[in-house]
Amino acid sequence: MEVDGRFPYYAQGSVVKGFGRGSKDMGIPTANFPDEVVDQLPAAFDQGVYYGWASLDGGPIYKMVMSVGTNPFWNNERKTMETHILQKFDSDFYGKSLAVCVSGFIRDNVSFESLDQLVKTIHTDIATATVVLDSEKQKTFHDSFRKWIDQ
Ligand code: ADP
Ligand code: RBF
Ligand code: MG
């Protein structure tokens, strides 16, 4: 894969309420960042589906997938930055501090003909991220992220 100077990109902020469009019912809850964090994104992160690492309140680091954009399937007016952590949690964590290391690009954020297609594609994104994040290069991003969190 060619080198992409956007990565790694670090961001941190408290988890806020999103549009509540039932992504949780779809089995894919996404922790939303506040607008201030979204507005700090460099222009190169206009939109897209990404993978990387995530940590809550400085705790363990988990794999994640992230959607950036206006979610064309839903036609949102505002750009959002939503993180699905690849870990099962027993309860919600609104208000907690979420830190992310965005370390790679999967695809553009696009529209779909049906919700079923959107959900299937997100499951493919999760499978992609699960494999790629086991690579040596991604482990170095993981280790640098740990230092960034702990500093
Ligand atoms: P909202 O529209 O408020 O973002 P979601 O249906 O997207 O609602 O659910 C997101 C919330 O679910 C998160 O803010 C978090 O509190 C909780 N949650 C539970 N497990 C996860 C997970 N694995 N990844 C992301 N969020 C999760
Ligand atoms: N929404 C879209 O409209 N188009 C997409 O291509 C898209 N890709 C996503 C990829 C991932 C990995 C995740 C977690 C979400 C994605 N979403 C996308 C956002 C999804 O529609 C959103 O989480 C729900 O609408 C709940 O806010
Ligand atoms: Mg959400």
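The structure this text deals with has already been given above.
In this report, the structure presented in the accompanying data block is examined. (Residues numbered from 1 in each chain as written. Chains lettered and ligands numbered in written order. Predicted model: local features only at pLDDT ≥ 70, side-chain atom pairs only at ≥ 80, totals over all residues. Heavy atoms only, no water.)

## Looking at the coordination of the magnesium ion (ligand 3)
Line of reasoning, step 1. Coordination of the magnesium ion (ligand 3) by the protein is provided by T30 (O), T30 (OG1) and N32 (OD1), with metal-donor distances spanning 2.2 Å.
Line of reasoning, step 2. Accessibility expressed as a relative area gives 23% for T30, which makes it partly exposed.
Line of reasoning, step 3. A residue is classified by how much of its surface remains accessible, and N32, at 8% relative accessible area, is buried. (Donors = N, O, S within 2.8 Å, 3.2 Å for Na, K, Ca; no water. Buried < 20%, exposed > 50% of the residue type's maximum accessible area, 1.4 Å probe, protein only.)

## Side note on the site of ligand 1
Line of reasoning, step 1. Neighbouring ligand 1 are 19 residues, the closest being G18, G20, S23, F93 and Y94.
Line of reasoning, step 2. At 3.0 Å, a backbone N or O of Q87 approaches a nitrogen atom of ligand 1.
Line of reasoning, step 3. In this structure the site holding ligand 1 corresponds to the largest pocket.
Line of reasoning, step 4. Broken down by element, the shell around ligand 1 gets its largest block of residues, 3 residues, from strand β5 (residues 80-85). (Near = heavy atom within 4 Å. Polar contact = N/O pair within 3.5 Å; in protein donor to acceptor, adjacent residues only side chain to side chain. 1 Å grid on protein atoms, 1.4 Å probe; cavity = no way out; pocket = protein on both sides within 12 Å on 5 of 7 lines; lining within 4 Å. Sits in = over half its atoms within 2 Å of the grid points. Helix = DSSP H or I, 4+ residues; strand = E, 2+ residues; numbered from the N terminus.)

## Some points on the environment of D39
Line of reasoning, step 1. Residue placement: D39 occurs in helix α1 (residues 35-39).
Line of reasoning, step 2. Assessed through its relative accessible area of 53%, D39 is described here as exposed.
Line of reasoning, step 3. Along the sequence, D39 and K79 sit 40 residues apart, while their C-alpha atoms lie 8.7 Å from each other.
Line of reasoning, step 4. One polar contact links D39 to R78, side chain to side chain, over a distance of 3.1 Å.

## Notes on the pairing of strand β4 (residues 61-69)
Line of reasoning, step 1. Within β4, 9 of the 9 residues are buried, leaving the element largely enclosed by the surrounding structure.
Line of reasoning, step 2. Covered by surrounding structure in β4 are I61, K63, V65, S67 and G69 together with Y62, M64, M66 and V68, the residues of both alternating faces.
Line of reasoning, step 3. Bridge analysis of strand β3 (residues 48-56) against β4 gives 8 bridges, and the strand direction is antiparallel. Counterpart to Y51 in the pairing with β4 is V65.
Line of reasoning, step 4. Where β3 folds back onto β4 in an antiparallel hairpin, the turn is made up of 4 residues, including D57, whose phi is positive at roughly 50°. (Pairing = 2+ DSSP bridges.)

## Brief notes about the sheet that holds β4
Line of reasoning, step 1. One open sheet holds the 6 strands; their spatial order is β1-β6-β3-β4-β5-β2, and the pairing between them is antiparallel. The open sheet is flanked by β1 (9-14) and β2 (31-32), the only strands paired with a single partner.
Line of reasoning, step 2. Pairing of β4 with β5 involves 6 bridges; the strand directions are antiparallel. Of the residues in β5, the one forming a bridge with M64 is I85.

## Quick look at the site of ligand 2
Line of reasoning, step 1. Surveying the vicinity of ligand 2 reveals 17 residues, the closest of which are F73, W74, E82, R107 and V110.
Line of reasoning, step 2. Measuring from an oxygen atom of ligand 2, one finds a backbone N or O atom of P72 at 3.4 Å.
Line of reasoning, step 3. Between ligand 2 and F73 there is a distance of 2.9 Å, counted from an oxygen atom to a backbone nitrogen or oxygen.
Line of reasoning, step 4. For ligand 2, the protein covers 98% of the area, taking 550 Å² as the surface of the free molecule.
Line of reasoning, step 5. At the level of elements, β4 and α2 (115-132) are the ones that each hand at least two residues to the shell around ligand 2.
Line of reasoning, step 6. Residue contributions to the shell around ligand 2 peak at 3 residues, all from α2.
Line of reasoning, step 7. The residue makeup of the shell around ligand 2, split by class, is 9 nonpolar, 5 polar and 3 charged. (Areas by Shrake-Rupley, 256 points an atom, 1.4 Å probe, with all protein chains shown as cover. Nonpolar A, V, L, I, M, F, W, Y, C, P; charged D, E, K, R; others polar.)

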